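Structural features, examined
Listed here are the chains, written in short residue letters.
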Amino acid sequence: MVVRRVYAAANACLDSLAAHRRARGRTATSIAWGAWDESGLVAAQPGRRHRLSRLGVMPMRPALAVAALQRVLDGDETAAVITDTDWSRFAPAFTASRPSPLLSALPEAVRALESAPREPDASGAPAAGASVRRLAGLPEQARRAALSDLVRHSAAAVLGHAPGTRIDADQAFRELGFDSMTAVELRGRLVDATGLALPTTVVFDYPTAARLTDHLASLLADTPATGVTPLPSPVPAADDPVVIVGMACRYPGGVTGPADLWRLVSEGTDATGDFPADRGWDLAALYDPEGTRPGTTITRRGGFLDGAGDFDPAFFGISPREALAMDPQQRLLLESSWEALEHAGIDPESLAGSPAGCLSAPTRPATRRPWAGSATRYGDSHSPAARRAWCPAGWLTCSAWRGRR
């Protein structure tokens, strides 16, 4: 996803450059290309052609793409998109989670959306069919097991895993790699297999395999399941709804929780210490008593968190490779969020499907970081990666308030 965002930003920059040059009477044409067949990524990555085609992005034959390029140049266009799109597949998937102003201006996409099957009514009543009768006729426990296998095997197949693979039932679909297009494809597989009338947003409404299984089982049992939990009613102003029931914190001086923080404050402990040796820093080169060399420090002491490199990625469903690239503040936020719930006596699993959120308040570092100027810079309080926390239903986006010391 990061690569796509960078690629999109680069395309937007080229579009702006082309418009800028045109405004000054110069020549420029910026072209956003669709997938090319017979070469490039489609040819280099096995299975990519099939995945793109089933989403409606049809790889273009080079001769067709070059002919389209010539038409753009002959028309003296400033910016153009050249792609071969099957709108009957692409448009419904692209607009599954929200309408698209872009597609609403394209006649082909509008026609595809108008001709797409209508959404089922709110009842979600199952359509008559052999699949529904077979599943509905199973004992409750067996029916749920069959639906769980169906959801997990289907999700794995959509993601391109080997046959027989089952995804983690409690890991969020988005974290597994689902986007709007693959979500619609999974929905289609489930409709074909169960005969149930499911909306295109069903994967977003029930964002884990376990919750989606519960929903399908409730439809077959004709008992509504809990979907998106409604927001709580406003609380009267006379009542104070904010109550602190749990805390977690990390500070220098060996502080790993509220009790340690109270000890440090009550005893007046000096929380500074020598530079840690587990951060991968060249401590000898880092110290410069004159302060003349960039990226150095004039002191040998500071406030550092103990065990900042200790992290259990598997506990949070994160691969070791991703953990190495994560912002250290995000790792701390994950651990602290979980510890705050444990300190409050709340089972984190109970938050699945609830309107739970996270509020973080990172502060701007007051001094230059020892790693400033290196190719990779982590730990920035402005990093978007430092604003997410995890719960059993997936990642929670945190509202971040920044402060300046």
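Here goes a summary of the coordinates provided. As a convention, each chain's residues are numbered from 1 in the sequence order in which they are written. Given that the model is predicted, a residue must reach a pLDDT of at least 70 before its local features are reported, and side-chain atom pairs must reach 80 or more before they are shown or counted; all residues, however, enter totals for whole chains, interfaces and linings. In computing side-chain properties, one takes all heavy atoms of the structure into account and sets aside hydrogens as well as water.

The number of helices and strands found in the chain is 16 helices and 11 strands. Note on classification: 1.4 Å probe, protein chains only; a residue is buried when its accessible area is under 20% of the maximum for its type, exposed when over 50%, partly exposed between these limits. Out of the 405 residues belonging to the chain, those deemed buried represent 31%. Once local pairs closer than 6 in sequence are excluded, the contacts in the chain between residues at least 24 apart make up 60%. The protein chains shown are the only cover counted for residues, whose accessible areas, like all others here, come from Shrake-Rupley with a 1.4 Å probe. Surface summary for the chain: the accessible area is close to 24,700 Å², and the carbon and sulfur share equals 56%. Working definition: helices are DSSP H or I runs of at least four residues, strands are E runs of at least two. Numbering for both runs from the N terminus. Any two residues whose heavy atoms approach within 4.5 Å are treated as being in contact.

Next up on the list: a nonpolar patch on the surface. Like charges within 9 Å and nonpolar side chains (Val, Leu, Ile, Met, Phe, Trp, Tyr) within 5 Å are joined into patches, using only residues over 30% in relative accessible area that form no salt bridge. In the sections that follow, a salt bridge refers to a side-chain nitrogen of Lys or Arg positioned within 4 Å of a carboxyl oxygen of Asp or Glu. A surface patch of nonpolar side chains, amounting to about 260 Å² of accessible area, comprises Val243, Val245 and Ile346. Along the chain, Ile346 turns up in the loop between helix 16 (328-343) and strand 7 (358-360). On the accessibility criterion, Ile346 (31% relative accessible area) is partly exposed.

Working definition: an aromatic ring pair is given by the centre-to-centre distance plus the angle between the planes. Two rings belonging to Phe, Tyr or Trp (six-membered ring only in the last case) form a pair when the distance between their centres is within 6.5 Å. Interplanar angles under 30 degrees mark stacking, angles over 60 mark edge-to-face geometry, and anything in between is tilted. In the structure shown here, the tally under the stated rule is 7 aromatic pairs. An angle of 80° between the planes, with centres 4.9 Å apart, marks the rings of Phe315 and Trp338 as edge-to-face. Taken together, the residues Phe315 in the loop between strand 6 (301-302) and helix 15 (320-325) and Trp338 in helix 16 connect sequence positions 23 residues apart. Phe315 sits in the partly exposed class, given a relative accessible area of 41%. Taken together, the ring pairs connect Phe275, Trp281 and Phe304 into an aromatic cluster.

In this structure, Glu335 sits in helix 16. Polar contact is defined as a pair of N or O atoms within 3.5 Å, subject to the rule that within protein one atom must be able to donate a hydrogen and the other to accept it, and that residues adjacent in sequence are counted only when both atoms are side-chain atoms. At a separation of 3.2 Å, a polar atom in the side chain of Glu335 contacts the side chain of Arg250. Once residues within four sequence positions are removed from consideration, Glu335 is found in contact with Arg250, Asp310, Phe311 and Phe316.

Moving on: the environment of Ala145. Of note, Ala145 is situated in helix 8 (residues 140-158). A sequence separation of 68 residues divides Ala145 from Thr213, and the C-alpha atoms of the two residues are 8.8 Å apart.

Take the nonpolar core next. By nonpolar core is meant a set of buried Ala, Val, Leu, Ile, Met, Phe, Trp, Tyr and Cys residues that side-chain atoms within 4.5 Å join together. Val151, Phe173, Leu186, Leu190, Leu198, Leu212 and Leu216 are the most contacted members of the largest nonpolar core, which totals 25 residues. Ignoring sequence-local partners within four residues, the contact set of Leu186 consists of Val151, Ser154, Ala155, Val158, Phe173, Phe178 and Val203. Membership of the second largest hydrophobic core comes to 13 residues, among which are Trp87, Phe90, Leu103 and Val184.

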